[in-house]
Amino acid sequence: MEFTATAAKTQGNGRGLTKGPAADSRLKMLAATMKRQQYQPDALIEVLHTAQELYGYLDLDLLVYIAHGLKLPPSRVYGVATFYHFFSLKPKGKHTCVVCMGTACYVKGAATLVKTIEDYADIRTGETRADGSMSLIQARCIGACGIAPAAVLDGTVVGNQTPASIVGHVKGWLENGSDRAA
Ligand code: FES
């Protein structure tokens with residue numbers, strides 16, 4: 001899709017990102033990243049990396065939000081996001097599992113969660129299963145440290161995960177074709 005002013009408007013100028021408490025923590029993390037970079041346009045790549053870690057991919061709402069934050073033309077942000085192959089503008093797999101590997105989550109067993117998912121779903125972190133059913137991504141911190149270890153399953157933040165609970169979600173995706181995290 002070409003990035004136009006009309007597209008930006010119809011995508012809500014980032015307002016859709018603020019729906020629901022789950023979205024808020026990630027949005028706060030993204031806002032904190034832009035603030036830490038003093039809203040410098042030069043920080044665009046770093047901010048896009050953070051956004052992709054948090055959300056799994058960069059949709060138009062996110063790109064517009066970032067453009068506003070860094071005071072860049074949305075077309076420039078879109079251009080950069082599409083130029084580099086490591087950015088994805090849509091989910092690669094039908095389902096996306098982002099496991100937080102930030103400090104709070106790590107000390108509470110996030111690495112075990114990742115290993116469990118990798119083994120169960122026959123997938124490696126950063127990859128999408130051959131059948132396209134799911135992608136597995138790691139993030140540094142998704143702003144939900146109070147419920148560590150945390151993950152984001154198809155956009156829904158889930159906390160206090162155990163290997164059994166997270167595999168339960170993934171199992172539902174792989175066996176039942178469920179579109180949402182339970
Ligand atoms: S370290 Fe995982 S949510 Fe902050």
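The present account deals with the structure reproduced in this document. Predicted, not measured: the structure shown is a model, and the values here were computed from it.

What counts, and where the lines are drawn
- Residues numbered from 1 in each chain as written.
- Predicted model: local features only at pLDDT ≥ 70, side-chain atom pairs only at ≥ 80, totals over all residues.
- Heavy atoms only, no water.
- Pairing = 2+ DSSP bridges.
- Helix = DSSP H or I, 4+ residues; strand = E, 2+ residues; numbered from the N terminus.
- Axes fitted to C-alpha atoms, helices over the stretch in contact; angles between N-to-C directions.
- Salt bridge = Lys/Arg side-chain N within 4 Å of Asp/Glu carboxyl O.
- Buried < 20%, exposed > 50% of the residue type's maximum accessible area, 1.4 Å probe, protein only.
- Core = buried A, V, L, I, M, F, W, Y, C linked by side-chain atoms within 4.5 Å.
- Domains from an automatic or database assignment.
- Contact = heavy atoms within 4.5 Å.
- Parallel < 35°, antiparallel > 145°, perpendicular 65-115°, else oblique.
- Left-handed = near helix turned anticlockwise from the far one by under 90°.
- Nonpolar A, V, L, I, M, F, W, Y, C, P; charged D, E, K, R; others polar.

### Notes on the sheet that holds strand 1 (residues 95–100)
- Strand order in the open sheet made by the four strands is 2-1-3-4, with mixed pairing throughout. Strand pairing shows two members of the sheet lacking a second neighbour, strand 2 (134–139) and strand 4 (156–158), which therefore form its edges. Taken pair by pair, the neighbouring strands of this sheet meet at an average axis angle of 20°, ignoring direction.
- Pairing between strand 1 and strand 2: six bridges, direction parallel.

### Concerning the pattern of salt bridges
- Within this structure, the stated rule accounts for four salt bridges.
- In this structure, Arg124 and Glu118 form a salt bridge, with 3.8 Å as the shortest nitrogen-oxygen distance.
- A residue is classified by how much of its surface remains accessible, and Glu118, at 13% relative accessible area, is buried.
- Between Arg129 and Asp131 there is a salt bridge, with its nearest N and O atoms 3.0 Å apart.
- The exposure class assigned to Asp131 is exposed, which follows from its relative accessible area of 54%.

### A look at the pairing of strand 1
- Burial runs high along strand 1: six of the six residues are buried.
- Alternating residues of strand 1 divide into His95, Cys97 and Val99 and Thr96, Val98 and Cys100, and every residue in both groups is buried.

### Some remarks on the nonpolar core
- In this structure, Leu48, Ile66, Cys97, Val99, Ile117 and Ile142 are the most contacted members of the largest nonpolar core, which totals 50 residues.
- Both domains that meet at this core, namely domain 1 (2–83) and domain 2 (95–176), each give it at least three residues.
- Residues in contact with Leu48, not counting those within four places in the same chain, are Leu58, Leu63, Ile66, Val77, Val80, Ala81 and Phe87.

### Some words on the packing of helix 3 (residues 44–55) against helix 5 (residues 74–83)
- Two elements in contact, helix 3 and helix 5, have axes whose closest approach is 11 Å; the angle formed by their N-to-C orientations is 70°. Compared by their axis directions, helix 3 and helix 5 come out roughly perpendicular. Viewed along their axes, helix 3 and helix 5 form a crossing whose handedness is right-handed. Facing helix 3, whose interface residues are Leu44, Ile45 and Leu48, helix 5 presents Val77, Val80 and Ala81.
- Looking at the contact of helix 3 with helix 5 residue by residue, the classes come out as six nonpolar, no polar and no charged.

### Focus on the environment of Asp122
- With respect to the secondary-structure elements, Asp122 resides in the loop between helix 7 (110–121) and strand 2.
- For Asp122, a relative accessible area of 61% gives the class exposed.
- Residues in contact with Asp122, not counting those within four places in the same chain, are Ile117 and Arg129.

### Re helix 4 (residues 60–70)
- Most of helix 4 is tucked away: nine of the eleven residues are buried.
- For helix 4, the full list of buried residues reads Leu60, Asp61, Leu62, Leu63, Val64, Ile66, Ala67, Gly69 and Leu70.

### Focus on the side chain of Glu118
- Inspection of the secondary structure assignment puts Glu118 in helix 7.
- Contacts of Glu118, omitting those with residues within four sequence positions, involve Ile123, Arg124, Thr125 and Leu136.

### Here's the deal with the packing of helix 3 against helix 4
- Remark: helix 3 packs on helix 4, axes separated minimally by 11 Å, with the N-to-C direction vectors making an angle of 145°. The handedness of the crossing between helix 3 and helix 4 comes out as right-handed. Taken together, the residues of helix 4 that come into contact with helix 3 (itself represented by Leu44, Val47, Leu48, Ala51 and Tyr55) are Leu62, Leu63, Ile66 and Leu70.
- Along the lines of polarity and charge, the residues of the contact of helix 3 with helix 4 split into nine nonpolar, no polar and no charged.

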